[in-house]
Amino acid sequence: MTAAADVPSPTPTAPSRSAFGAAFDKGFEILCFSAATFLLAALGGIVVSLAIGGWPAFQTFGLNFFVSAEWDPVQEIYGAAGAVTGTLVTASLALLFALPLAFGIAIFLVELCPPLLRRPIGTAVELLAGIPSIVYGMWGLFVFAPWFAKHVQMPIMMSAEPGTLWEKITTGVPNGAGILSASIILAIMILPFIAATMRELLLTIPAQVRESAYGLGSTTFEVVRKVSIPYVRTGAIGAIMLGLGRALGETMAVTFIIGNAHGFPTSIFASGSTIASTIANEFAEATERLHAASLIALGLVLFLITFVVLALARLLIGRQANL
Amino acid sequence: MTTVAAPRLSRRISEGLFLTFCWVATGIAILALAAILWSLLSQGIGGLDLNIFTKSTPAPGSEGGLLNAILGSLMMCVVAMIGAVFIGVLAGTWLSEYARDSHYGKVVRFLNDVLLSAPSILVGLFVYTILVAPLKGFSGLAGSVALALLAAPVITRTTEDVLRLQPIALREASVALGAPVWRTILTVIWKAAQGGMLTGALLAFARISGETAPLLFTALNNQFLSLDLTKPTANLPVVIFNFALSAYDDWRRLAWAGALLIAATVLTVTIVARIIAREPRRS
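How each quantity is defined
- Residues numbered from 1 in each chain as written.
- Chains lettered and ligands numbered in written order.
- Predicted model: local features only at pLDDT ≥ 70, side-chain atom pairs only at ≥ 80, totals over all residues.
- Heavy atoms only, no water.
- Helix = DSSP H or I, 4+ residues; strand = E, 2+ residues; numbered from the N terminus.
- Rg over C-alpha atoms; globule rule 2.2 N^0.38 Å.
- Buried < 20%, exposed > 50% of the residue type's maximum accessible area, 1.4 Å probe, protein only.
- Areas by Shrake-Rupley, 256 points an atom, 1.4 Å probe, with all protein chains shown as cover.
- Lys, Arg positive; Asp, Glu negative; His and termini not counted.
- Charge placed at Lys NZ, Arg CZ, Asp CG, Glu CD.
- Core = buried A, V, L, I, M, F, W, Y, C linked by side-chain atoms within 4.5 Å.
- Contact = heavy atoms within 4.5 Å.
- Buried area = accessible area lost by both parts, 1.4 Å probe.
- Salt bridge = Lys/Arg side-chain N within 4 Å of Asp/Glu carboxyl O.
- Polar contact = N/O pair within 3.5 Å; in protein donor to acceptor, adjacent residues only side chain to side chain.
- Nonpolar A, V, L, I, M, F, W, Y, C, P; charged D, E, K, R; others polar.
- Axes fitted to C-alpha atoms, helices over the stretch in contact; angles between N-to-C directions.
- Parallel < 35°, antiparallel > 145°, perpendicular 65-115°, else oblique.
- Left-handed = near helix turned anticlockwise from the far one by under 90°.
- Phe/Tyr/Trp six-rings, centres within 6.5 Å; stacked < 30°, edge-to-face > 60°.
- Lys NZ or Arg CZ within 6 Å of the ring centre and 35° of its normal.
- pLDDT = per-residue confidence, 0-100.
- Patch = residues over 30% accessible without salt bridge, like charges linked within 9 Å, V, L, I, M, F, W, Y side chains within 5 Å.
- Expected span 1.5 Å × (residues − 1).
- Bend = angle between axes of the 7 residues up to and from the residue.

S.K.: Which parts of the structure should I look at to understand the overall build of chain B?
M.R.: In terms of regular secondary structure, chain B is built from 11 helices and zero strands. Element order for chain B, N to C, with α for helix and β for strand: α-α-α-α-α-α-α-α-α-α-α. Scaling as 2.2 N^0.38, a compact globule of 283 residues should have a C-alpha radius of gyration of about 19 Å, whereas chain B reaches 24 Å, well beyond that. Referenced to the eigenvectors of the C-alpha coordinate spread, the extents of chain B come out at roughly 75 × 70 × 35 Å. Burial statistics for chain B: of 283 residues in total, 53% are counted as buried. Carbon and sulfur atoms make up 69% of the accessible area of chain B, which amounts to about 12,400 Å² in all. Positive and negative side-chain charges of chain B, numbering 21 and 14 respectively, have mean locations separated by a distance of 7 Å.

Listed below in structure tokens is the structure:
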């Protein structure tokens, strides 16, 4: 690897052609170096520009920006707590739904799938990852939400005992939009990412390891539970975090279906908002300086949350295998 | 242990439940894909006539198409891809050929991976604050910059990955013939890895062609046909967003047709990329 870079310049026996060639060697390296540094600068630029742009909001509201859930563009009072909670709740619920399914798919593709079906099913899962977020949003709002309202939301709301906690967390307008619907759509969106990473991880297990377990008479379930999962544990946690990172920052699909109401989400069927959906909805119309600054400050909060999650994910996956 | 009857039964049951669960999980994913594709086709195909490609976005109630949005999206994506390929290929080359084990290389690789999955709306905010706000105007170019920032990390990543797969002997052979390192990279390593690099570029293109969030406040939108990227530029994703949430049926019909167009493009490009990259799979 370094051998290629450290090779001495061509010998002077071919002077006419290599004079420029050797001279440009350094130039090309600098060009490549600059491109790589540009990427770093872009990431740094995002943090710095968000911090500067959001500064007026932090200055005006101080710590209140983080603990207050009041978001009132008319009176110019902004607090991030509602959107932050919405983001964390929808992303966690999405992860909760997606995780077992993604895991099942990965196991299916590695252990159970008939060879003939492996490629088509693998491709189908990949396509699910390729569908643009806005298409998920439209499908969620116009197809999924009505179905969900009729077949899931109404029965649950009807059967909830009045006065119980369950009744409290399941109240809402029965239109199918809200926290839970957004979480389900998010779950479908992050499912293929977690499944694909998990599958790659499972494929790194040496065949002998799995085969010895099978040879001892283990069932598939036992091999997976006692051999495969322990083997890829670190990386699997990384894969989960990667999915969480996607769910946290997902914008358009959530904007369509979460209902876009400010404040703390009160029930799983209630409308809510996430950081990304708030920015998407309001930023283009945020003419007041403080409004725009508060949205950018929200962006900074989102960046910090996702940065921590994604960095952890990369560290854990990187430790497991070079994926 | 295995001679006891009861554990055997429980093992068989847990095994059966587990296998069923894996089948069902996969079934759910396939079902979701089928449901989404079916909705796209059934709702979108009706609006997909010649007008879509020949007329610009209409006022509610009048006839129109998506020509301005399609053209705007194409222009922005092409400009973005030119920038992203330039940056991404060079950065990926640096990571693979010059900085494999250096500390700085590790930092760049790590942060590029973070940038790769960073929320796209934040990239939109970033471009807004550095380009749109200072220049006092939304523009297609700002949209292109935002898209390029999303595509570049993908290309960097795939370029590095495929370049690393090239055998060292290839580099040594070229250098031994007297080629300088830069020529070795350009004419030997890139050439050997071109299929993989093309796949990376196509996947990056697939990713940005459906991106909506970063365009909301960079390219904005434009009702009229315009080839001027320094002005607000119509683009499919934002038009779909606005039309889908409108109260007009004909706008919604156009939104579905646009969604079908975008999804078809993205899925086709993804499949083509996969075919190019087809590698022997481990079983």
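So, next bit.
S.K.: Looking at this structure, I do not really get the overall build of chain A. What am I missing?
M.R.: The number of helices and strands found in chain A is 13 helices and two strands. Here the C-alpha radius of gyration of chain A, 25 Å, is well above what a compact globule of 323 residues would show, namely 20 Å. Considering only C-alpha atoms, chain A reaches an extent of 90 × 65 × 35 Å along its principal axes. For chain A, the computed accessible surface area is about 13,800 Å², with 67% contributed by carbon and sulfur atoms. Separation of charge centres in chain A, based on 15 positive and 17 negative side chains, amounts to 13 Å.

S.K.: Any chance you could explain the nonpolar core here in plain terms?
M.R.: If you look at soluble globular proteins, the nonpolar side chains tend to sit buried side by side. Phe65(A), Tyr136(A), Ile279(A), Leu298(A) and Ile121(B) are the most contacted members of the largest nonpolar core, which totals 191 residues. The leading source of residues in this core is helix 4 (residues 81-112) of chain A, at 17 residues. Ignoring sequence-local partners within four residues, the contact set of Leu298(A) consists of Phe65(A), Trp71(A), Ala80(A), Ala83(A), Ile275(A), Thr278(A) and Ile279(A).

S.K.: Would you mind showing me how to read the interface of chain B and chain A here?
M.R.: Interfaces are frequently sized by the accessible area removed from exposure as the parts join. Contact residues are listed per partner, giving 89 residues for chain B and 92 residues for chain A. With both sides pooled, the region where chain B packs onto chain A buries about 8,400 Å², and carbon together with sulfur makes up 78% of that total. Three residues stand out in chain B for area buried against chain A, namely Phe18(B), Ile36(B) and Trp182(B), and they jointly supply 8% of the buried area on that side. Residues Arg11(B) and Glu222(A) are paired through a salt bridge, measuring 2.7 Å at the closest nitrogen-oxygen approach. The interface formed by chain B and chain A includes 11 residue pairs in polar contact (both at pLDDT 80 or more). Of the residues belonging to the side of chain B that touches chain A, the class tally is 60 nonpolar, 13 polar and 16 charged.

S.K.: Quick question: what am I supposed to make of the packing of helix 7 (residues 168-176) of chain B against helix 8 (residues 181-192) of chain B here?
M.R.: Packed helices, taken two at a time, are described by the angle between their axes plus the distance between the axes. All names here are of chain B. Where helix 7 contacts helix 8, the two axes come as close as 10 Å, and the packing angle between them is 150 degrees. As the angle between them shows, helix 7 and helix 8 are arranged roughly antiparallel. For the pair helix 7 and helix 8, the sense of crossing is right-handed. For the pair helix 7 and helix 8, the contacting residues are Leu170, Arg171, Ser174 and Val175 in the first and Thr184, Val188, Ile189 and Ala192 in the second. When the residues that make up the contact of helix 7 with helix 8 are grouped by side-chain class, the tally is five nonpolar, two polar and one charged.

S.K.: Would you mind showing me how to read the packing of helix 10 (residues 236-244) of chain B against helix 11 (residues 249-277) of chain B here?
M.R.: Residues and elements named next belong to chain B. The interhelical angle for the contact between helix 10 and helix 11, taken along N-to-C directions, is 145 degrees, at an axis separation of 8 Å. Between helix 10 and helix 11 the crossing geometry is left-handed. The segment helix 10 lies against helix 11, with Leu236, Pro237, Ile240, Phe243 and Ala244 engaging Trp251, Arg252, Leu254, Ala255, Gly258, Ala259 and Ile262.

S.K.: When you look at the packing of aromatic side chains in this model, what are you seeing that I'm missing?
M.R.: Between two aromatic rings, the relevant description is the distance of the centres plus the angle of the planes. This structure, assessed with the given rule, holds 26 aromatic pairs over all chains. Between Phe33(A) and Trp94(B) the ring centres are 5.2 Å apart and the planes differ by 75 degrees, which places this aromatic pair in the edge-to-face class. With Phe33(A) in helix 2 (residues 15-61) and Trp94(B) in helix 3 (residues 67-98), the pair connects residues from two separate chains. Given a relative accessible area of 35%, Phe33(A) falls into the partly exposed group. The exposure class of Trp94(B) is buried, given its relative accessible area of 5%. A ring pair is formed by Phe61(A) and Phe65(A), whose centres lie 6.5 Å apart and whose planes are at 20 degrees; its orientation type is stacked. Grouping aromatic residues by their ring pairs yields a cluster made of Phe58(A), Phe61(A), Phe65(A), Phe66(A), Trp71(A) and Tyr78(A). Over the ring of Phe193(A) we find Arg246(A); its NZ or CZ atom is 3.9 Å from the centre of that ring.

S.K.: Got a minute to help me understand the confidence of the model for chain A in this structure?
M.R.: Regions with low pLDDT carry predicted coordinates that are not meant to be interpreted in detail. All names here are of chain A. Here chain A averages 88 in pLDDT, while 93% of its residues score no lower than 70. Below pLDDT 50 for its whole length, residues 1-5 participates in six contacts with residues either more than four positions away or in separate chains. Contacts for the low-pLDDT stretch residues 12-16, under 50 throughout, to residues beyond four places or in other chains number zero contacts.

S.K.: Could you clarify how one ought to interpret the side chain of Asp113(B) in this entry?
M.R.: Within the secondary structure layout, Asp113(B) lies in helix 4 (residues 103-117). Aside from chain neighbours lying at most four places away, what touches Asp113(B) is Arg314(A) and Arg157(B).

S.K.: I'm lost on unusual backbone geometry in this one. Help?
M.R.: In terms of backbone geometry, most residues other than glycine have negative phi values and most peptide bonds are trans. The phi dihedral of Asn260(A) falls on the positive side, at around 55 degrees, and the residue is not glycine. Tracing the sequence through the fold places Asn260(A) in the loop between helix 11 (252-257) and helix 12 (275-282).

S.K.: Looking at this structure, I do not really get a nonpolar patch on the surface. What am I missing?
M.R.: Residue and element names in this part refer to chain B. Side chains of Trp38, Leu41, Ile45, Leu48, Leu50 and Phe53 sit close together on the surface and give an oily, nonpolar patch of about 650 Å² of accessible area. Only helix 1 (5-44) and helix 2 (50-54) provide two or more residues apiece to the nonpolar patch. With respect to the helices, strands and loops of the structure, leucine 41 is situated in helix 1. Looking at leucine 41, the relative accessible area reads 42%, which means it is partly exposed.

S.K.: Just checking my understanding: could you explain the environment of Phe61(A) for this structure?
M.R.: Residues and elements named next belong to chain A. Structurally, phenylalanine 61 can be placed in helix 2. On the accessibility criterion, phenylalanine 61 (17% relative accessible area) is buried. Residues phenylalanine 61 and threonine 255, 194 residues apart in the sequence, show an inter-C-alpha distance of 26 Å. Here phenylalanine 61 is in contact with Glu76, Ile77, Tyr78, Leu290 and Ser294, once residues within four sequence places are set aside.

S.K.: What is the right way to look at helix 6 (residues 133-159) of chain A in this model?
M.R.: Count 3.6 residues to each turn of an α-helix, and residues three or four apart come out pointing the same way. End to end, helix 6 of chain A covers just 34 Å across 27 residues, shorter than the expected 39 Å (1.5 Å per residue, more than 12% under). Along helix 6 of chain A, the sharpest change in direction is near 45 degrees and occurs at Phe144(A); proline Pro146(A) comes one to four residues later.

S.K.: Can you help me understand the pattern of salt bridges in this one?
M.R.: When their charged atoms lie close together, side chains carrying opposite charge are able to pair. Residue and element names in this part refer to chain B. Evaluation of the coordinates by the stated rule reveals 13 salt bridges over all chains. The residue arginine 157 makes a salt bridge to aspartate 113 at a minimum N-O spacing of 2.9 Å. Here arginine 157 is found in helix 6 (residues 140-164), whereas its partner aspartate 113 is found in helix 4, with 44 residues between them in sequence. Within this structure, Arg109, Glu160 and Arg164 form a network of salt bridges that share partners.

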